[in-house]
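One letter stands for each residue in the lines below.
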Amino acid sequence: FEQVIKYYNLDDPLKLADLAAGMSTAPRADLQEVLMCEDAVERLRKVLLILKKDLESTRLQSQFRSQIEDKFAKENKKFILMQQLRYIKRELNLERDDKQSIIAAFKESIKKLGNLVPTEAAKAMDQELSKLGNLEPQSAEFNVCRSYLEWLTALPWGKYSEDNTDIDRAERILNEDHYSLEDVKERILEHMAVSFLKGSVHGKIMCLVGPPGVGKTSIGKSIARAMDRQFYRFSVGGLHDVSEIRGHRRTYVGAMPGKIIQALKIRQVSNPVILVDEVDKLGRDFRGDPSSALLEVLDPEQNAAFRDLYLDVPFDLSKVLFICTANVTDTIPGPLLDRMEIIRLAGYVYEEKLAIANQHLIPQTIANNGVAKDMLDLQPEALAELIRNYAREAGVRELRKLIEKITRKVALSMVRVEEDARQKSLISTENLRKFVGQPPHSTDRLFHDAVPSGVAMGLAWTALGGKTLVVEARGRVPQNNERMADADVSLEASPVPPEAGNTPSSSSRPGNTAAGRGGPPGRMKVTGKLGKVMGESSEIALTYAKIFLRELSPKNDFLDTAYIHMNMPEGATPKDGPSAGVTMASALLSMALNRPVKRDLAMSGEVTLTGKVLRVGGIKEKTLAAKRENVENLVLPMSNQADYLELKPYLRAGLTAHFVDHFDDVYRLAFEDTGAPVLEGSRGSEVVTVTTPLEEMAPPPFMQQAATESPASASL
């Protein structure tokens, strides 16, 4: 400054103004105005205004600088003091550095695991621990490495719970928690017995298949309790992301292991019981195929070295007992289904539901709804009515809902009156409808007394259990040149060449007009929302029925010339499968011969063009459906005889099953003593008849025990 002012005359106001303006921070436009101003007073005034602006700006900057310096001084002081405090504590062994504390904690956890950790996993731990020591705590990689080590050290490497070896105790626990389900209970006891004899435990993969409400999910908890194992359940219904099973790779933000590794971490044992629920409802999209990821998990030959994508080290799952549940096996991929042991739960019969209600449902409802035992009495007749006419599904879920509904209504009536005025509620068949309404169905039978011609009863399998299926067939021989009013027919039958014979023609029966052999071919349409397989079965049934009728009654050309309509009632319900072939053929022959099928007879089987009766599935479900409808006679394929005999005697009680391998025997059994033409001889094997009388049926031990423990009346 001194070097500059020596060239200026400070006594000259204009020189002084120029000096002040030149040292200011004013914009160039303002300075230009000062230079161009010739009036001295005006020039000094402009310079004074510029200097005042600079002074105000300098004052504000000084104030801000002072505040910032004070703030930094305080933070610096706090940082220095914290560093000094940390140093003092470290010198006194009162505290370690955060990073060093984390590393020390991991080393301690690894030390506790000892030699139980496999070599590859131990090597991965050491590498990650060394990597953690070279990272700064503020870096993102530090947290990723830390999370990975937390998962590795938290898993139960080599930790196994001791299994229960007391078979009697395990059986007692299974019977306490669930009624019936003997197949599942026996399989679990076999698994325990094998493990006890071998001295080692190996995991298994079981798949419980059955309709809703039969206890598939709850039996998993009971199995874990009987074996003294930890239990974990997760559902894969609607699961699309394969990472839910095998985990995410650590390169992704928020990556974590899959459900299997999470289950092991939560239960802290390497041999829990893991229930994979709804395995038949797995999804599949661009994120992968979870069913393929389950192949490694559920394969006993591979899961001994299961490698989760997040951990990237093998973990032994061979001791884990996997239990899967499904309603159907059709949607389970074949390779996955091949790795599982299928145990089917068909459902419960009336006697089993009655015992389940007395032993489990009613006591649980008492505890959950707050109604005292002495305030509600559910009569045995009312409970029987609930089971027969209200809760006819294969499981007991609907029965539970009905009992809870009764209890809630009783609870509401109790709280509406004073405590001293409350009276005991008696539920009988007379007032049952007041609590649960009208029965949704009393029977599946369309005809309670006489069965008309053209009607046959079949047996069907559904995802909700077995069901009886009625097939109706009606036909009419048209007049000359007459066409059907409804030209939209689904199936067209080819005429069969005429054969000579002396059997009277059915076209002469009342209500039909005879037609010549040269007349137009008959047609058939099928309704009832049938699938493609059942539609093809109807075509096969019509073709074979025509051939069979010509052999039986050569003059009867009704099926060749009539317009036929075949219907399966309950048209809103989809139906598919080949097992209705013999039922359709029987209904068509009944219509053509104008003779009814025996009333107390139900049948199931696939028929071929040569009359062979082929094997079908769902024998247990179909048998239970026949018992619910009080059908005493069954016609089943010969190849299903072993399936039927595997059923417990109390499930077959009161039934007579006829096993055939050709439709000739089906016809003989269906039209016996009905006035239909008699068929001479049979092209099939000898019919095998299995009868299980009611009086010879001995209930299983658990039913005998239930009978002695169940009260005379079910009290809530």
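Just so it is clear, the structure is predicted and the values come from calculations on it, not from any experiment.

1. What about the overall build of the protein chain?
Stage number 1. Scanning the protein chain from terminus to terminus reveals 26 helices and 21 strands.
Stage number 2. Taken across its 716 residues, the protein chain has 45% of its residues classed as buried.
Stage number 3. A separation of at least 24 residues holds for 78% of the contacts in the protein chain among residues at least 6 apart in sequence.

2. A word on the packing of aromatic side chains
Stage number 1. Per the stated rule, a full pass over the model turns up nine aromatic pairs.
Stage number 2. Residues Tyr544 and Phe548 carry aromatic rings whose centres are separated by 6.0 Å and whose planes lie at 40 degrees to one another, so their mutual orientation is tilted. Of this pair, Tyr544 and Phe548 are both found in helix α19 (residues 532–552), four residues apart, which corresponds to roughly one turn of the helix. One exposure class covers both Tyr544 and Phe548, and it is buried.
Stage number 3. Seen in terms of ring centroids, Tyr544 and Phe663 are 5.6 Å apart; in terms of plane orientation they differ by 80 degrees. Their pairing is edge-to-face. Pair noted here: Tyr544 is in helix α19 and Phe663 is in helix α25 (residues 663–670), with a separation of 119 residues, a long-range link. Both residues of the pair, Tyr544 and Phe663, belong to the buried class.
Stage number 4. A network of ring pairs unites the aromatic residues Tyr544, Phe548, Phe663, Tyr667 and Phe671 as a single cluster.

3. Structural notes on helix α6 (residues 119–133)
Note that an α-helix has 3.6 residues per turn; residues three or four places apart therefore point the same way.
Stage number 1. Taking 1.5 Å per residue, 15 residues should reach 21 Å; α6 reaches 21 Å between its end C-alpha atoms and fits that length.
Stage number 2. Those residues of α6 lying buried are Ala121, Ala124, Met125, Glu128, Leu129 and Leu132. Buried residues of α6 fall within an arc of 135 degrees about the axis and therefore sit on the same side. Turned more than 90 degrees away from the buried face of α6, the exposed residues are Thr119 and Lys123.
Stage number 3. Buried residues along α6 sit in contact with α5 (98–113) and α7 (140–154).

4. With respect to the sheet that holds strand β7 (residues 341–344)
Stage number 1. Taken together, five strands build an open sheet; the order of strands is β2-β3-β6-β1-β7 and the sheet is parallel. Of all the strands in the sheet, just β2 (231–235) and β7 have a single pairing partner and so form its edges. Going across the sheet, the axis of each strand differs from the next one's by a mean of 20 degrees, ignoring polarity.
Stage number 2. Pairing analysis gives five bridges linking strand β1 (residues 205–209) to strand β6 (residues 321–326), with the strands arranged parallel. Within the sheet, the bridge partner assigned to Met206 lies in β6 and is Ile323.
Stage number 3. Strands in contact with helix α12 (residues 259–267) are β2, β3 (273–277) and β6; relative to β2, the strand with the most contacts, it is inclined by about 150 degrees.

5. Description of the pattern of salt bridges
Stage number 1. Summed over the entire model, instances satisfying the criterion amount to 24 salt bridges.
Stage number 2. The partner of Asp280 in a salt bridge is Lys281, with the nearest N and O atoms 3.3 Å apart.
Stage number 3. Among the ionic pairs, Arg683 bridges to Asp664, the shortest N-O distance being 2.8 Å. Here Arg683, found in the loop between α25 and β20 (688–692), pairs with Asp664, found in helix α25; they are 19 residues apart in sequence, far enough to count as distant.
Stage number 4. A relative accessible area of 2% places Asp664 in the buried class.
Stage number 5. If you follow the salt bridges from partner to partner, you end up with Glu120, Arg307 and Asp312 in one network.

6. Some remarks on unusual backbone geometry
Stage number 1. Positive phi values are uncommon outside glycine, yet Asn594 reaches one of about 55 degrees.
Stage number 2. Looking at the secondary structure, you find Asn594 in the loop between α21 (581–593) and β15 (601–603).
Stage number 3. For Asn630, which is not glycine, the phi dihedral falls at a positive 60 degrees.
Stage number 4. With respect to the helices, strands and loops of the structure, Asn630 is situated in the loop between α22 (619–628) and β18 (633–637).
Stage number 5. A residue is classified by how much of its surface remains accessible, and Asn630, at 59% relative accessible area, is exposed.

7. Here's the deal with the pairing of β6
Stage number 1. In terms of burial, β6 is largely enclosed, as six of its six residues are buried.
Stage number 2. Burial along β6 is two-sided: Leu321, Ile323 and Thr325 facing one way and Phe322, Cys324 and Ala326 facing the other are all buried.
Stage number 3. The pairing of β3 with β6 spans four bridges and is classified as parallel. Within β6, the residue paired with Val276 across the bridge is Cys324.

8. Section: the packing of α5 against α6
Stage number 1. Relative orientation of the contacting elements α5 and α6 amounts to 170 degrees, with a least axis distance of 10 Å. Taken together, the axes of α5 and α6 are roughly antiparallel relative to one another. Between α5 and α6, the residues in contact are Lys99, Ile102, Ile103, Phe106, Lys107, Ile110 and Leu113 and Met125, Leu129, Leu132 and Gly133, respectively.

9. Some remarks on a negative patch on the surface
Stage number 1. Side chains of Asp183, Glu186, Glu190 and Glu646 sit close together on the surface and give a patch of like negative charge.
Stage number 2. For Glu646, the location among the structural elements is in the loop between α23 (641–645) and α24 (649–652).

10. Comments concerning helix α10 (residues 216–227)
Stage number 1. Between its terminal C-alpha atoms α10 stretches 17 Å, which fits the 16 Å expected from twelve residues at 1.5 Å a residue.
Stage number 2. Among all positions of α10, only Lys216, Ile219, Gly220, Ser222, Ile223, Ala224, Ala226 and Met227 are buried.
Stage number 3. Its buried side turned inward, α10 meets α8 (167–177), α9 (182–198), β1, β2, β3 and β6.
Stage number 4. Asp228 sits one or two residues past α10 and shows a positive phi near 60 degrees.

11. Overview of the packing of helix α3 (residues 28–36) against helix α4 (residues 40–91)
Stage number 1. In contact at an axis separation of 9 Å, α3 and α4 are set at 160 degrees when each is read in the N-to-C sense. When the axis of α3 is compared with that of α4, the two are roughly antiparallel. Crossing of α3 over α4 shows left-handed handedness. When α3 is examined against α4, the residues Asp30, Leu31, Glu33, Val34 and Leu35 are found in contact with a partner set consisting of Arg43, Lys46, Val47 and Ile50.
Stage number 2. Per-class residue counts for the contact of α3 with α4 are five nonpolar, no polar and four charged.

12. Considering the confidence of the model for the protein chain
Stage number 1. Here the protein chain shows a mean pLDDT of 81. Residues at 70 or above account for 87%.
Stage number 2. In the predicted structure, residues 705–716 sits below a pLDDT of 50 and forms 28 contacts with residues beyond four places in sequence or in another chain.

13. Some remarks on the nonpolar core
Stage number 1. Formed by 54 residues in total, the largest nonpolar core has its most connected members in Trp157, Val279, Val297, Leu298, Leu311, Leu317 and Phe322.
Stage number 2. For this core, the element with the most residues is α7, which contributes six residues.
Stage number 3. Contacts of Leu311, omitting those with residues within four sequence positions, involve Tyr148, Trp151, Leu152, Leu155, Arg250 and Ile261.
Stage number 4. Leu321, Ile323, Tyr348 and Leu383 belong to the second-largest nonpolar core, a separate cluster that totals 52 residues.

The rules behind the values
- Residues numbered from 1 in each chain as written.
- Predicted model: local features only at pLDDT ≥ 70, side-chain atom pairs only at ≥ 80, totals over all residues.
- Heavy atoms only, no water.
- Helix = DSSP H or I, 4+ residues; strand = E, 2+ residues; numbered from the N terminus.
- Buried < 20%, exposed > 50% of the residue type's maximum accessible area, 1.4 Å probe, protein only.
- Contact = heavy atoms within 4.5 Å.
- Phe/Tyr/Trp six-rings, centres within 6.5 Å; stacked < 30°, edge-to-face > 60°.
- Expected span 1.5 Å × (residues − 1).
- Arc of directions from axis to C-beta.
- Pairing = 2+ DSSP bridges.
- Axes fitted to C-alpha atoms, helices over the stretch in contact; angles between N-to-C directions.
- Salt bridge = Lys/Arg side-chain N within 4 Å of Asp/Glu carboxyl O.
- Parallel < 35°, antiparallel > 145°, perpendicular 65-115°, else oblique.
- Patch = residues over 30% accessible without salt bridge, like charges linked within 9 Å, V, L, I, M, F, W, Y side chains within 5 Å.
- Areas by Shrake-Rupley, 256 points an atom, 1.4 Å probe, with all protein chains shown as cover.
- Lys, Arg positive; Asp, Glu negative; His and termini not counted.
- Charge placed at Lys NZ, Arg CZ, Asp CG, Glu CD.
- Left-handed = near helix turned anticlockwise from the far one by under 90°.
- Nonpolar A, V, L, I, M, F, W, Y, C, P; charged D, E, K, R; others polar.
- pLDDT = per-residue confidence, 0-100.
- Core = buried A, V, L, I, M, F, W, Y, C linked by side-chain atoms within 4.5 Å.

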